[in-house]
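Fold and geometry: a report
Now for the letters of each chain:
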Amino acid sequence: MSKPDISFEFNSEAAHKNYLTMKKHDFDMQRLIESQVNTPMYYGSEFRETELLEPLLVRHPNWSHLKSILENGSDWNLEDLDEEQRKADLLEALEFGNHKGASEQPELLKELLLKDVAYGYCFLVPKDKLTSIPGICVAPMNIQAQFSINEYGEIVPKERLTHDQSYKWGSGTSVNSRTKEEDLLPCIFGHALRRFINKVVAMRLKFPNCRILCSKIDFKSAFRRMHLAWRTALRCCTLLPDDELALIFTRLTFGGKACPSEWGCLSEIVCDLTNAIISDEDWDPETLFNQQSLELPAPEFLDDSIPIAEARELVFELPVDDKGCSDVFIDDLFAACVDLPESNNVKRLERAPLLAIDAVARPLLESEPVPRHEMAARNKFIAEAGAEELKVVLGWKCNFRSLKMYLPENKFIAWAADFQQMIDSKRTGSKKLESCIGRMVHVSQILPEVNHFLSRLRDLLTRAGNRRSIAVRDDCLADCRLMIKFLERSRDGLSMNNLVFRLPNRCYRSDSCPMGLGGYSDEGYAWRFYLPEWLLFRASNNLLEHIASIITVWIDILAGRLAPEDCVLSMTDSSTSEGWAHKTNFSMLPEEVDCRVDPVEAKARIEVARKFAYLCMEANICHFSQWFPGKENDVSDALSRDDD
């Protein structure tokens, strides 16, 4: 590996030298990169040669795309931007600089960018020379406060650079808005944690008395390992205005719309390779392994006096390999196995992910021309990589013995406080509201029902625009209270049995007519309610059907006939009511309410949906709904109509 012509030093002299190097190649980025073969600047330099990888990965559906990235860089297909508009956008960007979070912390901004430059992820050029480089596009930077885990397993604050490639200039476009989404590989990592939980519960079902252990490996500087194609690199420039410098990124950015998909192309291959290694009967983890495996901490087990939780039956039969399985979310590769006596399952669990990463990553040289880390994040090794029954996975504390998941206390305190502040002041700002919604999207990865109550908050965010403060409507305040309840429930612990696709053990049917409501359970308990005259024809039959389906379950909750972790199936012959049971994004705003629904009924819809959410949380049950033909609903129909 040779030293590149581009300088990765952080000073004005290096910026001027890089400008002259570009000028030497007539500011042709393609020629510049193609002249850097066998240097860290060239495509795929973080990985093994495609000739070596192809025999191993050729059958994977992502291989052809990954091969293209490794040989030609990540090439984002963007809609065309008129050259005059591009130049006008560039001048506007040069005048604008960066967002407040970055511009008000210039020294921190430099500190965070120093690593990106030193490790060859981007290079400096003079800011005043950008207009002479063809095709350059600039997007502002910002600094986002986050949390991470250090080598001791402690939660520590962390500032992350973000590259706002969604920011629109005078042309009304941005790099992200011009990215053709239909050309991106589908991202399947969004549901990784729920997939993983279903696999864990299936393991416990098959091996009810055995421990389940989990390990987790992070890719180090994941996005920064993948090179951008030359034309894409020109669209990924940003500024250091105080130093009159600009940076051209040659690796995936933290803000490009295409980046999760492009990195996912690799990480999903590594995940599938991990699964193949784990399950390979011919693999001996004692003889074929990555040397980093020797640094892993010893497995940690809970005390044998702690009972092993029972798994509840899934609605489908999920194949289970006791040797283990893995899943991936962007740069987090996590795996679980069953600790069977006289097996090497735990050793497989610990060593397979590192071996899979080692198989695709270029080995670290004794003398790298540009500083470089190993692909697996060594700084998190001690805290996260060992096999344990307790493990933090994607921000959730998971107990694989009790089959419980917990939102960490520090997150609960901060997130609930922001919602409470909104409730107390009845006002919020767009940035705070956007942050609150984003946090609840994190919760919704485990509790999808959270999404049903975010629509009105998202509508409020749209109406807030760029205003610093906006009044919070009563319906949104009620949703904020419900969000706090979701957070409390998450902090106190969620049963994995309630988060998977369960086979219902309790079934209910209900119906309504303009005169009344009725329903019954699979155990033969029935109820009916005739509407008093003053309520007749005040609500649509769809709303009555929805209320009936909730009352049927509620009666058994009140009677104590539902136990924690029961799985409830509500059956109704109203497809609208069935949909409302899992999609309750109703609005009370006059301009958005269906012309056939008055605001009073719209409010009733929302309140009924919230009530049922509270009931399910308090009873600790999970709920599904299903439509079935009305002609089969004769018992509920009779209950709602007459008492013959």
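A brief report on the enclosed structure follows. Predicted model only: the values in this text are computed from it and were never measured.

1. A short note on the pairing of strand 5 (residues 237-240)
Going residue by residue along strand 5, you find Cys237 and Leu239 tucked away on one face and Thr238 and Leu240 tucked away on the opposite face as well. As paired strands, strand 5 and strand 6 (residues 245-249) are joined by four bridges and run antiparallel to one another. For leucine 239, the partnering residue across the bridge sits in strand 6 and is alanine 246. Turn length for the strand 5-strand 6 hairpin, with the two strands adjacent in sequence and antiparallel, is four residues, and the turn residue glutamate 244 shows positive phi of about 55 degrees.

2. A closer look at the sheet that holds strand 8 (residues 332-338)
The sheet built from three strands is open, its strands ordered 4-8-7 with antiparallel pairing. In this open sheet, the two strands that pair with only one neighbour each are strand 4 (212-218) and strand 7 (325-329). Averaged over all adjacent pairs, the angle separating strand axes in this sheet is 20 degrees, with direction ignored. Packed on one face of the sheet, helix 9 (residues 192-206) meets strand 4, strand 7 and strand 8 and runs near 165 degrees to strand 7. Seen against the sheet, helix 11 (residues 259-279) touches strand 7 and strand 8 and runs at an angle of roughly 170 degrees to strand 7.

3. Structural notes on the side chain of asparagine 633
With respect to the secondary-structure elements, asparagine 633 resides in the loop between strand 19 (622-627) and helix 21 (634-641). Residue asparagine 633 is classed as buried on the basis of its relative accessible area of 0%. Of note is the side chain of asparagine 633, whose polar atom sits 3.0 Å from the backbone oxygen of serine 510. Contacts of asparagine 633, omitting those with residues within four sequence positions, involve Arg509, Ser510, Asp511, Asp573 and Phe628.

4. Considerations on the pattern of salt bridges
Summed over all chains, the structure comprises 43 salt bridges. Taking the shortest distance from any N to any O, the salt bridge between glutamate 368 and arginine 372 comes out at 3.3 Å. A relative accessible area of 13% places arginine 372 in the buried class. Across the pair arginine 610 and aspartate 479 runs a salt bridge, and its minimum N-O distance is 2.8 Å. Separated by 131 residues along the polypeptide, arginine 610 in helix 20 (residues 599-619) and aspartate 479 in helix 17 (residues 474-492) bring together distant segments of the chain.

5. Some remarks on the packing of helix 14 (residues 409-425) against helix 15 (residues 430-444)
Relative orientation of the contacting elements helix 14 and helix 15 amounts to 135 degrees, with a least axis distance of 11 Å. When the axes of helix 14 and helix 15 are compared, the pair comes out oblique. Of the two possible hands of crossing, helix 14 and helix 15 adopt the one that is left-handed. Contact with helix 14, carried on its side by Lys411, Ala414, Trp415, Asp418, Phe419, Gln421 and Met422, involves Lys432, Leu433, Cys436, Arg439, Met440, His442 and Val443 of helix 15 and no other residues of that element.

Definitions and limits used
Along each chain, residue indices are assigned from 1 in the same order as the chain's sequence is written. For this predicted model, a pLDDT threshold of at least 70 governs which residues receive local features, and a threshold of 80 or more governs which side-chain atom pairs are given and counted, while totals over whole chains, interfaces and linings are taken from all residues. Side-chain descriptors were evaluated using all non-hydrogen atoms of the structure, hydrogens and water having been removed beforehand. With a 1.4 Å probe rolled over the protein chains alone, any residue whose accessible area is under 20% of its type maximum counts as buried; one over 50% counts as exposed, and the rest are partly exposed. Secondary structure elements are defined from DSSP: runs of H or I of at least 4 residues count as helices, runs of E of at least 2 residues count as strands, and each element is numbered from the N terminus. When DSSP locates at least two bridges between a pair of strands, those strands are taken to pair. In this analysis, axes come from line fits to C-alpha atoms, helices being fitted only over the stretch in contact, and the angle between any two N-to-C directions falls in the range 0 to 180 degrees. We call two residues in contact when some of their heavy atoms are within 4.5 Å. Pairs of N or O atoms within 3.5 Å make up the polar contacts considered here, provided that, within protein, one atom can donate a hydrogen while the other can accept it, and that residues adjacent in sequence are counted only when both atoms are side-chain atoms. For this document, the term salt bridge refers to a Lys or Arg side-chain nitrogen within 4 Å of an Asp or Glu carboxyl oxygen. When an angle is under 35 degrees it counts as roughly parallel; over 145 it counts as roughly antiparallel; between 65 and 115 it counts as roughly perpendicular; any other value is oblique. By convention, the crossing between two helices is left-handed when the near helix turns anticlockwise from the far helix through less than a right angle, and right-handed when the turn is clockwise.

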